[in-house]
Amino acid sequence: MDARTSRYHDIYAHWQRDPQDFWGEAAREIDWFEPAKKVFDPDAGIYGRWFTGAVCNTCYNALDRHVASGRGAQAALIYDSPMAGTKQGYSYEEVLFEVKTLAAMLKDFGVEKGDRVILYMPMVPEAVFGMLACARIGAVHSVVFGGFAAKELATRIDDAKPKLILSASCGLEPGRVVQYKPLLDEAINLAKAKPQACVILQRPQAQAGMISGRDHDWRDLRDAAIAAKKSADCVPLLATDPLYILYTSGTTGIPKGVVRDNGGHMVALKWSMKNLYGVEPGEVYWAASDVGWVVGHSYIVYAPLFHGCTTILYEGKPVGTPDAGAFWRVIAEHGCSTMFTAPTAFRAIKKEDPQGKLLAQYDLSKFRALFLAGERADPDTLQWAENLLRRPVLDHWWQTETGWCIAGNPLGLGALPVKHGSATVPMPGYHIDIVDEACKPVAAGTIGSIVVKLPLPPGCFPTLWQQDERFKESYLNEFPGYYKTADAGYKDADGYVFVMGRTDDIINVAGHRLSTGGMEEVLASHPDVAECAVMGIRDELKGEVPCGFIVLKAGVNREPAEIEKEIVALVREKIGPVAAFKLAIMVKRLPKTRSGKILRGTMKKIADGDEWKMPATIDDPAILEEIGAALKGKGVGA
Ligand code: COA
Ligand code: AMP
């Protein structure tokens, strides 16, 4: 790793000099039905659009062209599920067959270009086929993570208004089968926008009850479509047409529908495979995430397939399925060249197998590098992974909104020296500034808001689904000329970017992005709760976990433990188990400033056992003592 031998600085300078030339060149890696009229049109969309006038199809670039060029027999997808006890490979030809068939099934339901299809699916190959089948016919998919509860699914149904929902009878979590169908039924009951039909994959671990007239058996439809030799061709789409909507936590309980287009997405992701991840076509690439998250969209499904790689769909955990050697087994068995996961997974492995003894059982000779993202890679975990793997362990920073890396260490261009705690340097396309509240750049080493100069590069979201105003309000208005990342951090004198935390109410729980504001809405809906505050507090394994403080309404005389239990159950029911909300603490009152603002920052410091100062504006200092005592009662804080 040597800054002098890396091509990064030359490549970044090329982009700075002539962004259109840079992205125009990258676009040659994609097969277009018609080339773009303009590489970038500053007058289109909200901040300009990439590859305007180009006609293309994402599924064609993921599958058809590889089969046409002789890659048909190569594995496109390996499904490895310790949960189901299944391992199954699918060649490019086989995936294409499944996708053509499923696309024809969707068309039979009247699904057309521009229609939305929601996928509420576990980590099974059909989820990937579903996404690609939508892409093939120009339907806009929206995958909802299986760990979300019915109400969250209902909110997404009402926003996306899908014509059809693809789902399965169950997901598999260690020790329990998660029945998806009752959650789906409840969500559809709650939603105002009713889908015309649901296609349900029955898994052997649970049989879903079907609603006659609305629900259809996935396998029956597939068998019938194959018998009738049904198959759907790729629909020509504009590069600027939407490929998918992915909902992510916003600062309220209403999630933001991040829109991804077809053209820019393909160009950026294809570029990243070789230049950022250092992977060649034909190699095996593994992102241990879930198709419900952006990492799953970009690096389980789309990017590896655009690049002609073999991708791995792993339905399991880093530990407990069956042990902390699970990742090493997958890497060795399938010959992975590169792996991508969240630091929390490595913290879990480190906790179970601190010496990394299980690694010795496996041959990792094809494995070249580990990439981490989703939350800040804490230096301890990074160091541990480096010592154990003796290969590059590279943190990189990105967001659902961007769809790919904002700052990273470009292994394919020649890795730069690693600085623990830093995501390394901006990728081409991203001009990163650190600014103060007045939008003035701050000096190197000074923490400020991290902003990206407009226009955002190809692959990033052009807007929020049917919410241009919310897009502008949430991301563009505060720092004119910039995209607000809502992350805070600094750049050092070498231009390395250090991402330190969010500037809004978003927390990162085991790499999952959640809104504390959304949780507060749930707590406040409990009939006994007068006031509440939720914040993320430090957690050794998950990075952060939510902690809720509640003040009861006057006159409520129920047992505190009982109410706390109800509140924990309520968050699980309304948001889902993924929120990992286990800590509800009853207090007499909340600490506030004289103007009535809850002092969440100070409460968090007390809970984290960090040093804290009495805020000058506090209304009543005694309340912080009460908070400390309440936390201690739960075994939290110093
Ligand atoms: N469907 C239903 N429930 C789900 C689910 C799904 N797809 N995924 C998770 N859950 C549930 C879990 O069963 C758990 O429920 P519990 O409270 O009954 O135990 C809860 O949601 C929290 O899940 P998770 O955050 O995965 O925590 P965990 O304790 O089960 O596992 C880790 C901890 C660190 C092992 C796990 O978070 C992990 O593997 N993380 C990898 C990182 C990752 O995938 N990041 C995504 C972005 S890159
Ligand atoms: P998501 O949209 O779920 O990918 O979450 C994006 C958020 O996760 C970012 O805004 C950051 O707060 C955090 N994040 C992701 N990757 C990193 C990283 N490498 N370092 C620090 N924070 C990160």
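Check the entry above for the structure.
Here's a quick rundown of the structure. Quantities reported herein were computed from a predicted structural model and do not represent experimental measurements.

Some details on the overall build of the chain
For the chain, the count of helices and strands is 18 helices and 32 strands. By the compact-globule yardstick of 26 Å for 638 residues, the chain fits well, its C-alpha radius of gyration being 24 Å. Dimensions of the chain, computed from the C-alpha atoms along their principal axes, are close to 70 × 65 × 55 Å. Across the 638 residues in the chain, those meeting the buried criterion constitute 60%. Contacts in the chain between residues far apart in sequence, at least 24 positions, make up 70% of those at least 6 positions apart. Total accessible area on the chain is roughly 24,400 Å²; 50% of this is exposed by carbon and sulfur atoms.

Focus: the site of ligand 1
Around ligand 1, a shell composed of 24 residues is seen, among which Glu173, Arg176, Pro318, Lys542 and Arg572 lie nearest. In the environment of ligand 1, an oxygen atom lies 2.5 Å from a nitrogen or oxygen atom belonging to the side chain of Glu173. The protein chains hide 83% of the 930 Å² of surface that ligand 1 would expose on its own. Those elements giving two or more residues to the shell around ligand 1 turn out to be β10 (176-179) and α12 (343-352). The residues that make up the shell around ligand 1 include at least three from each of domain 1 (8-316 + 396-487) and domain 2 (506-633).

Details of empty space enclosed by the protein
A complete count under the given rule lists 1 cavity of 30 Å³ or more for this structure. Reported here for the largest cavity is a volume of approximately 40 Å³. What lines the largest cavity is simply Tyr47, Gly48, Arg49, Trp50, Asp261, Cys460 and Pro462. Of the residues that constitute the lining of the largest cavity, the class distribution is 4 nonpolar, 1 polar and 2 charged.

So, the packing of helix α3 (residues 58-71) against helix α5 (residues 125-137)
Their axes nearest at 7 Å, the elements α3 and α5 cross at an angle of 115 degrees. Crossing hand, α3 versus α5: left-handed. Residues Thr58, Cys59, Ala62, Leu63 and Asp64 of α3 pack against Leu132, Ala135 and Arg136 of α5. For the contact of α3 with α5, the per-class residue count stands at 5 nonpolar, 1 polar and 2 charged.

Examining the nonpolar core
Side chains of a nonpolar character, in soluble globular proteins, are inclined to be buried together. With 120 residues, the main nonpolar core has Trp23, Leu63, Leu132, Tyr299, Tyr302, Phe340 and Trp404 as its most contacted residues. The contacts of Trp23, once residues within four sequence positions are left out, are Trp15, Val39, Trp50, Phe51, Val267, Ala268, Trp271, Trp404, Pro428, Gly429, Pro457 and Pro458. Core analysis: the second largest hydrophobic core is formed by 71 residues, Val144, Val509, Ile550 and Phe581 among them.

Some points on the layout of surface pockets
There is about 360 Å³ of room inside the second largest pocket. What lines the second largest pocket is a set of 14 residues, among which Glu25, Ala26, Glu29, Trp271 and Asn275 lie closest to the centre. Taken together, the elements giving at least two residues each to the lining of the second largest pocket come down to α1 (8-17), α2 (19-26) and α9 (263-275). Here the lining of the second largest pocket takes 4 residues from α9, the largest share from any one element. For the lining of the second largest pocket, the residue count by class is 4 nonpolar, 4 polar and 6 charged.

Details of the pattern of salt bridges
All told, the structure shown has 41 salt bridges when counted by the stated rule. For Glu29, the salt bridge is made with Lys270, and the minimal N-O distance between the two is 2.9 Å. Taken together, the residues Glu29 in the loop between α2 and β1 (38-41) and Lys270 in helix α9 connect sequence positions 241 residues apart. According to the relative accessible area criterion, Lys270 is buried, its value standing at 9%. Close ionic contact of Asp504 with Arg502 constitutes a salt bridge, the shortest N to O distance being 2.7 Å. A relative accessible area of 26% places Asp504 in the partly exposed class. Overlapping salt bridges bring together Asp80, Lys87, Arg329 and Glu333 as one network.

Focus: the sheet that holds strand β22 (residues 405-408)
Spatially, the 3 strands line up as an open sheet ordered β21-β22-β23, and their pairing is antiparallel. Of all strands in the sheet, those with a lone pairing partner are β21 (397-398) and β23 (425-426), marking the two edges. Here β21 runs beside β22; their pairing, made up of 2 bridges, is antiparallel. Directly across from Trp397, in β22, lies its bridge partner Ala407.

A few points about the state of the cysteines
Tallied over the entire structure, the rule returns 0 disulfides. Take Cys170: it sits in no disulfide, and the sulfur closest to it among the cysteines is that of Cys198, at 16 Å. Unpaired in this structure, Cys198 has its nearest cysteine sulfur neighbour in Cys134, at a distance of 14 Å. Cys198 sits in the buried class, given a relative accessible area of 0%.

Each value, and the rule that gives it
- Residue numbers restart at each chain and count upward from 1, following the sequence in its written direction.
- Ligands are numbered from 1 and chains lettered from A, in the order in which they are written.
- With the structure being a predicted model, the display of local features is reserved for residues of pLDDT at least 70 and the display and counting of side-chain atom pairs for 80 or more, all residues being used for whole-chain, interface and lining totals.
- To obtain the side-chain values, all non-hydrogen atoms of the structure were included, while hydrogens and water were left out.
- Helix numbers and strand numbers start at the N terminus; a helix is a DSSP run of H or I with at least 4 residues, a strand a run of E with at least 2.
- Computation of the radius of gyration draws on C-alpha atoms, with the globule rule given as 2.2 Å multiplied by the number of residues to the power 0.38.
- Think of it in three bands: residues with accessible area under 20% of the maximum for their type are buried, residues over 50% are exposed, and the middle band is partly exposed, with areas taken using a 1.4 Å probe on protein chains only.
- Should any heavy atoms of two residues lie within 4.5 Å, those residues are counted as being in contact.
- Calculation of accessible area relied on Shrake-Rupley with a 1.4 Å probe; when residues are assessed, cover is drawn exclusively from the protein chains displayed.
- Note on terminology: near, applied to a residue and a molecule or strand, indicates that one of the residue's heavy atoms is within 4 Å of it.
- Whenever a nitrogen or oxygen atom comes within 3.5 Å of another N or O atom, the pair is scored as a polar contact, on the condition that within protein one atom can donate a hydrogen and the other can accept it, and that pairs from neighbouring residues in sequence are kept only if both atoms are in side chains.
- What counts as a domain boundary in this text is fixed by an automatic or database domain assignment.
- Think of a 1 Å grid over just the protein atoms. A cavity is a set of points where a 1.4 Å probe fits yet cannot get out, a pocket is an open set with protein on both sides within 12 Å along at least five of seven lines, and lining residues have an atom within 4 Å of a point.
- Grid points are joined across faces, edges and corners, and a volume is the space filled by probe spheres set on the points.
- Residue polarity is assigned by list, with Asp, Glu, Lys and Arg as charged and Ala, Val, Leu, Ile, Met, Phe, Trp, Tyr, Cys and Pro as nonpolar; anything else, Gly included, falls into the polar class.
- Here, axes are lines fitted to C-alpha atoms. For helices the fit covers the stretch in contact, and angles between N-to-C directions go from 0 to 180 degrees.
- Throughout, a crossing is termed right-handed when the near helix is turned clockwise from the far one, and left-handed when it is turned anticlockwise from it by less than a right angle.
- What is meant by a nonpolar core is a set of buried Ala, Val, Leu, Ile, Met, Phe, Trp, Tyr and Cys residues, joined one to another through side-chain atoms within 4.5 Å.
- Salt bridge, as used here, is a side-chain nitrogen of Lys or Arg placed within 4 Å of a carboxyl oxygen of Asp or Glu.
- By this definition, two strands are paired if DSSP reports at least two bridges between them.
- Cysteine sulfur atoms that come within 2.5 Å of each other are treated as a disulfide pair.

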